[in-house]
Amino acid sequence: MSILSQKTENTIEAYIGAILKNSTSARPAWNVESAVTGKPPAWNYIDGVFITSLLSLYGQTRQNEFAAFAQGFTDNYIADDGAILGYTEDEYNIDHISFGRVLFDLYDLYKKEKYRKAIECLYAQLMNHPRTEKGSFWHK
């Protein structure tokens, strides 16, 4: 590994570490929209993108702090029965499906049944989700 790539990796890890240190489920540092609107925490696209990225970083580095943070953050939104905080199936918001990608990784890592149940909940939406004339999922 070159000195340049080593320095870059350390910088990225330090940056992500600072974001995690300054985040809570109620006010994630990466979600400026959440801070500006003051809405209560709920399942949303922005958090899903960040947690997906964090799990990808875990996959590359195997640094447990990344997976543990992803698990802890996501657990705030998933009840033991698989219900998802702030999610309503018949709203047909395809953006909510995006956050669901993390549930597969978390289930593989931690084997919590609530992740499998939440996956099934989101799958049910996809089975009934409105489609465009060309067959793609309708979005807003």
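Preceding this paragraph is the structure being described.
This structure is a prediction, so every number in the text was calculated from the model and none was measured.

Enquirer: Would you mind going over the packing of helix H3 (residues 45-61) against helix H4 (residues 64-75) with me for this structure?
Expert: How two helices sit against one another is set out by the angle between their axes and by the gap between those axes. Their axes nearest at 8 Å, the elements H3 and H4 cross at an angle of 150°. The pairing of H3 with H4 is recorded here as roughly antiparallel in orientation. At the point where H3 passes H4, the crossing takes the left-handed sense. In this structure, H3 contributes Asp-47, Ile-51, Leu-54, Leu-55, Leu-57, Tyr-58 and Thr-61 to the contact, and H4 contributes Asn-64, Phe-66, Ala-67, Phe-69, Ala-70, Phe-73 and Thr-74. Residues of the contact of H3 with H4, tallied by class, amount to ten nonpolar, three polar and one charged.

Enquirer: Could you clarify how one ought to interpret the side chain of Gln-71 in this entry?
Expert: Within the element layout of this structure, Gln-71 appears in helix H4. Excluding anything up to four places from it in sequence, Gln-71 contacts Leu-106, Tyr-110, Lys-112 and Tyr-115.

Enquirer: Would you mind going over the side chain of His-96 with me for this structure?
Expert: Tracing the backbone through its elements, the reader meets His-96 in helix H5 (residues 95-110). Those residues within four positions of His-96 in sequence are excluded, and the remaining contacts are Trp-43, Asn-44, Gly-86, Tyr-87, Glu-91 and Leu-122.

About the thresholds
Residues numbered from 1 in each chain as written. Predicted model: local features only at pLDDT ≥ 70, side-chain atom pairs only at ≥ 80, totals over all residues. Heavy atoms only, no water. Axes fitted to C-alpha atoms, helices over the stretch in contact; angles between N-to-C directions. Helix = DSSP H or I, 4+ residues; strand = E, 2+ residues; numbered from the N terminus. Parallel < 35°, antiparallel > 145°, perpendicular 65-115°, else oblique. Left-handed = near helix turned anticlockwise from the far one by under 90°. Contact = heavy atoms within 4.5 Å. Nonpolar A, V, L, I, M, F, W, Y, C, P; charged D, E, K, R; others polar.

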